[in-house]
Amino acid sequence: MDYLYLILGMLGMGGLSVFAASYNKKNAYRTGVSRLYTLMVVFFALVGWCVLYAFDFSFEPRVLLYSAVYGIGYATAMLGVVGALSVGSVALVFLNIN
């Protein structure tokens, strides 16, 4: 089952980068649209985690601070990735990320 999650994660991140690149190309003449795309990505990540916890709820208040820091870091990283995709190709951007 772990390998299935790994494959789905790789496909999801690959699809995310392709969609982000096409979104940036389609909206190249507009300013500030990468923030909207990042907001949508972060929102759907939040919805995905909410669905996951709806089926297997476990709450530990001690990790709430770490979760908030991770969420802010994730949103910042996605903003950077989408911004980088607006000026470079998908292959070069993700080569530098990994």
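Up top is the structure.
Draft legend 1. Just the overall build of the chain, in detail. Regarding its fold elements, the chain presents four helices and zero strands. Helices and strands in the chain line up, N terminus first, as α-α-α-α. Considering only residue pairs separated by 6 or more positions, the chain has 66% of its internal contacts joining residues 24 or more positions apart. Roughly 7800 Å² of accessible area belongs to the chain as shown, and the carbon and sulfur atoms make up 73% of that amount.

Draft legend 2. Spotlight on the packing of aromatic side chains. Per the counting criterion, the structure on display carries two aromatic pairs. Ring geometry for Phe 43 against Phe 44: centres 5.4 Å apart, planes inclined by 70 degrees, an arrangement best described as edge-to-face. Of the residues examined, Phe 43 reaches a relative accessible area of 46% and is grouped as partly exposed. Its relative accessible area of 56% is what places Phe 44 among the exposed residues.

About the criteria used
- Residues numbered from 1 in each chain as written.
- Predicted model: local features only at pLDDT ≥ 70, side-chain atom pairs only at ≥ 80, totals over all residues.
- Heavy atoms only, no water.
- Helix = DSSP H or I, 4+ residues; strand = E, 2+ residues; numbered from the N terminus.
- Contact = heavy atoms within 4.5 Å.
- Areas by Shrake-Rupley, 256 points an atom, 1.4 Å probe, with all protein chains shown as cover.
- Phe/Tyr/Trp six-rings, centres within 6.5 Å; stacked < 30°, edge-to-face > 60°.
- Buried < 20%, exposed > 50% of the residue type's maximum accessible area, 1.4 Å probe, protein only.

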